[in-house]
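Reading the structure
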Amino acid sequence: MIRLTNLLADIRQCNLCAEHLPLGPNPVVRAAESARLLIVGQAPGTRVHQTGIPWNDPSGERLREWLAVDSDTFYDESQVAIVPMGFCYPGRGKGGDLPPRPECARTWHARLLAQLPNLQLTLLVGQYAQRQYLPHRYGNITENVRHFRESLPAGFFPLPHPSPRNTLWLRQRPWFEAEVVPELRRQVHKVLT
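In this report, we go over the structure that sits alongside the text. (Residues numbered from 1 in each chain as written. Predicted model: local features only at pLDDT ≥ 70, side-chain atom pairs only at ≥ 80, totals over all residues. Heavy atoms only, no water.)

Attention now moves to the sheet that holds strand E2 (residues 80-82). Taken in spatial order, the four strands line up as E2-E1-E5-E6 in an open sheet, and their pairing is parallel. Strands with a single pairing partner mark the edges of an open sheet, and in this sheet they are E2 and strand E6 (156-159). Each strand of the sheet is rotated relative to its neighbour by a mean of 20 degrees, with strand direction disregarded. The sheet contact formed by strand E5 (residues 121-125) and E6 spans four bridges and is parallel. Paired with Thr 122 across the strands is Phe 156, a residue of E6. Here helix H9 (residues 174-192) sits on the sheet in contact with strand E1 (37-40), E2, E5 and E6, set at roughly 145 degrees to E6. (Pairing = 2+ DSSP bridges. Helix = DSSP H or I, 4+ residues; strand = E, 2+ residues; numbered from the N terminus. Axes fitted to C-alpha atoms, helices over the stretch in contact; angles between N-to-C directions. Contact = heavy atoms within 4.5 Å.)

Right, here's the structure in full:
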């Protein structure tokens, strides 16, 4: 446990890409050795950057709804680790936030995941997490999510990003709410109970 504590302290003091961050570094990550569920998302938005609380925004509300877990469970580090692809807010681009900075995953992910021996399920939220970790990729989010069952034996569950920007995507794919969300809830509750 001391190794993980020290590693998290190092991550929270990281400033590798500070010159590229418009709001400066504020690494947001949560983990405990006992965590059984891992959520790998993109990078914090401005609200998360300001509060230091991951998924503390409308995207997080939708994600917790998909999982059917309350905030206490979601933020219980002993059960749920939250490790984004980029730990700091990357800035804004034309169509929304910029992609996560690559330094985080390259520098920290392998070392951090090695300290989480009890993980049973990893939620890969969005394209960046899926590109990095999804064993069976189909070239786009829709197909990755549609074929989620193929990744379950390896302990991965691909999801679209729950951003309000994706409301149209969700509306056009009613099978997500009808088929994927119930199985997601079943898998998450199996891991957390």
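There is more to say, and it comes next.
The next point concerns H9. Between its first and last C-alpha atoms H9 spans 27 Å; for 19 residues at 1.5 Å apiece the expected length is 27 Å, and the two agree. Where H9 bends most, at Val 180, the angle is about 35 degrees, and the proline Pro 182 comes one to four residues later. Of the positions making up H9, those classed as buried are Trp 175, Phe 176, Val 180, Val 181, Glu 183, Leu 184, Gln 187, Val 188, Val 191 and Leu 192. (Expected span 1.5 Å × (residues − 1). Bend = angle between axes of the 7 residues up to and from the residue. Buried < 20%, exposed > 50% of the residue type's maximum accessible area, 1.4 Å probe, protein only.)

With the rule as written, the count across this model stands at five aromatic pairs. Judged by centre distance (5.0 Å) and plane angle (85 degrees), the ring pair of Phe 74 and Tyr 75 falls under edge-to-face. With respect to burial, Phe 74 and Tyr 75 carry one shared label: buried. Considering the side-chain rings of Trp 169 and Trp 175, the 6.2 Å spacing of their centres and the 70 degrees angle between planes classify their relative orientation as edge-to-face. Taken individually, Trp 169 and Trp 175 each receive the classification buried, so the pair is uniform in this respect. (Phe/Tyr/Trp six-rings, centres within 6.5 Å; stacked < 30°, edge-to-face > 60°.)

What follows is about the pairing of E1. Along E1, one buried face is formed by Leu 37 and Ile 39 and the opposite face, lined by Leu 38 and Val 40, is buried too. Here three bridges tie E1 to E2, and the two strands are oriented parallel to one another. By the bridge assignment for E2, Leu 38 is matched with Ala 81. As paired elements, E1 and E5 share four bridges and run parallel to each other. What sits directly across from Leu 37, in E5, is Leu 121.

So, about the environment of Leu 192. Relative to the helices and strands, Leu 192 is located in helix H9. With 57 residues separating them in the primary sequence, Leu 192 and Pro 135 have C-alpha atoms 23 Å apart. Excluding residues within four positions of it along the chain, Leu 192 makes contact with Arg 36, Leu 37, Val 69, Thr 73, Gln 79 and Val 80.

Turning to the nonpolar core, a few remarks are in order. Residues Ile 39, Leu 123 and Phe 176 are the most contacted members of the largest nonpolar core, which totals 29 residues. Per-element accounting of this core gives the leading share, eight residues, to H9. Aside from chain neighbours lying at most four places away, what touches Ile 39 is Trp 55, Leu 63, Leu 67, Phe 74, Val 80, Ala 81, Ile 82, Val 83, Leu 123 and Val 125. Judged by nonpolar contacts, the second largest core, of 24 residues, contains Cys 14, Leu 38, Phe 87 and Leu 134. (Core = buried A, V, L, I, M, F, W, Y, C linked by side-chain atoms within 4.5 Å.)

A separate point is the side chain of Ser 59. With respect to the element layout, Ser 59 can be found in helix H3 (residues 58-67). A relative accessible area of 7% places Ser 59 in the buried class. Beyond its immediate chain neighbours, meaning those up to four positions away, Ser 59 contacts His 161, Pro 162, Ser 163 and Pro 164.

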